[in-house]
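Reading the structure
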Amino acid sequence: MKVETAVVLGPGGPVGTAWLAGLAAGLRWEGADLGAADLIVGTSAGAIVGAILASGGDLERLAVLPPPTDPGGGVRTDPERLAEVFATLGDTGLERAEALRRVGRLAITASTGGEDAAIARMRSLVGAAEWPDRPLLIPAVDAETGEAVIWDRHGSASLPEAVAASIAFPATAPPITIDGRRYIDGALRAGTNVDLAADAGVLIVAEPMAHMAGTNGVAADEGVVVRLVPDAGAIEAFGPDITDRAAWEPAYQAGVRQAPDAAKAIGLIFNLGGPNGDPG
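Residues numbered from 1 in each chain as written. Predicted model: local features only at pLDDT ≥ 70, side-chain atom pairs only at ≥ 80, totals over all residues. Heavy atoms only, no water.

1. Concerning the environment of Thr88
Going by this rule: Helical segments are the DSSP runs of H or I of at least four residues, strand segments are the runs of E of at least two, and each set is numbered from the N terminus. Throughout, exposure labels follow a simple rule: accessible area from a 1.4 Å probe, protein chains only, divided by the maximum for the residue type, with under 20% read as buried, over 50% as exposed, and the rest as partly exposed. Whether two residues are in contact is decided by their heavy atoms, any of which lying within 4.5 Å being enough.
Relative to the helices and strands, Thr88 resides in helix α3 (residues 79-89). On the basis of relative accessibility, which here comes to 14%, the residue Thr88 falls in the buried class. Considering only alpha carbons, one finds Thr88 and Ile119, 31 residues apart in sequence, at a separation of 27 Å. Leaving out residues up to four positions away in the same chain, Thr88 has contacts with Leu94, Ala99, Arg102, Val103 and Leu106.

Here it is, written out as structure tokens:
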């Protein structure tokens, strides 16, 4: 079904989450609320911010990294398995489907803590337990088959479960069990998963990892695309490690700082007319 406006929010670890949150909060201040789009697609880090936007939640809560919901332990990275994951994904001799099945097995056997802690963390970050009425798509990948699933409010996953599954990069967070199947990071499907909104008249794509992973083939079938990516100052604020929680606040502020220019880029589309030449 064709939609007029869609927002696609890509993956990017904790640092990318903070940048997306700051960018979206700043855009709200500028009068450009991404949550008003007809469709929101959020993957991994983007699933967190997308869920907040679609729910009309408070993005400014994320200006400072929220304290862990499990201070005694919980979710953790398994460095040995993580190295195997990257080696597997980088193996050019493997077909993509087989590589996903292998990293899925690594995810299942990794020592990354309990699912309940991961889901509780996402419930806390998102600030909501129920799916919003506004269309929201959250991709994940079956850890055993490598096949993708796109969660929405009509599926069997709760909102925190869907978000927790979408951010569960193998060996950094536990796979999430939904209806007896275990799911891992939605970025393994197709990066930013922009294809899920390619038929939008106006497509706004925010990519925290564009400087590291490229554009993921950002394009709209017949519409207009606005790409929002970290600028040089944001990349410096991120540092070399997108999992570095110490970079959370600088990354958030970098997103806020980019918001006025991003709002101008978005406003230009609507002020000059939509993809069909109609007034925006």
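Structure's up, so let's keep going.
2. Considering the packing of helix α2 (residues 45-55) against helix α5 (residues 115-126)
Heads up, the rule is: Angles here are taken between N-to-C directions and fall from 0 to 180 degrees, while the axes themselves are lines fitted to C-alpha atoms, restricted in helices to the stretch in contact. In what follows, roughly perpendicular refers to angles from 65 to 115 degrees, roughly parallel to angles under 35, roughly antiparallel to angles over 145, and oblique to any angle outside these ranges. It is the rotation of the near helix from the far one that decides the hand of a crossing: anticlockwise by less than a right angle makes it left-handed, clockwise makes it right-handed. Residue type decides the class: Asp, Glu, Lys and Arg count as charged, Ala, Val, Leu, Ile, Met, Phe, Trp, Tyr, Cys and Pro as nonpolar, and the leftover types, Gly among them, as polar.
As a packed pair, α2 and α5 sit with axes 9 Å apart at the nearest point and diverge in direction by 45 degrees. By the angle between their axes, α2 is oblique relative to α5. The way α2 lies across α5 gives a crossing that is right-handed. Each of Ile48, Ala51 and Ile52 in α2 lies in contact with α5, whose residues at this interface are Met122, Leu125 and Val126. Here the contact of α2 with α5 is built from residues that sort into 6 nonpolar, no polar and no charged.

3. Notes on unusual backbone geometry
You will see that Ser44, though not glycine, has its phi angle at about 55 degrees, which is positive. Of note, Ser44 is situated in the loop between β2 (39-42) and α2.

4. Considering the pattern of salt bridges
If charged atoms from side chains of opposite charge come close, those side chains can pair. Operational definition: Salt bridge criterion: a side-chain nitrogen from Lys or Arg within 4 Å of a carboxyl oxygen from Asp or Glu.
Summed over the entire model, instances satisfying the criterion amount to 11 salt bridges. One salt bridge in this structure joins Glu84 and Arg81, with 3.0 Å as the shortest N-O distance. Taken together, the residues Glu84 and Arg81, both in helix α3 and 3 residues apart, mark about one turn of the helix. Between Arg257 and Asp231 there is a salt bridge, with its nearest N and O atoms 3.0 Å apart. Here the residue Arg257 occupies a position in helix α10 (residues 248-272), and Asp231 occupies one in the loop between β8 (224-228) and α9 (232-238), the gap between them amounting to 26 residues.

5. Structural notes on the nonpolar core
What counts, and what does not: In these notes, a set of buried Ala, Val, Leu, Ile, Met, Phe, Trp, Tyr and Cys residues joined through side-chain atoms within 4.5 Å is what counts as a nonpolar core.
Core analysis: the largest hydrophobic core is formed by 65 residues, its most contacted members being Trp19, Leu27, Ile138, Trp151, Leu159, Val163 and Leu228. In terms of residues, this core owes the most to one element, α10, which gives 10 residues. Formed by 13 residues, the second largest nonpolar core is a distinct cluster that contains Leu82, Leu100, Val141 and Leu188.

6. Observations concerning the pairing of strand β7 (residues 202-206)
Condition: One requirement defines pairing of two strands: DSSP has to find at least two bridges between them.
Burial runs high along β7: 5 of the 5 residues are buried. Inspection of the sheet shows strand β1 (residues 5-9) paired to β7 by 5 bridges, in the parallel sense. Note that in β7 the partner of Thr5 across the bridge is Val202. As paired strands, β7 and β8 are joined by 5 bridges and run parallel to one another.

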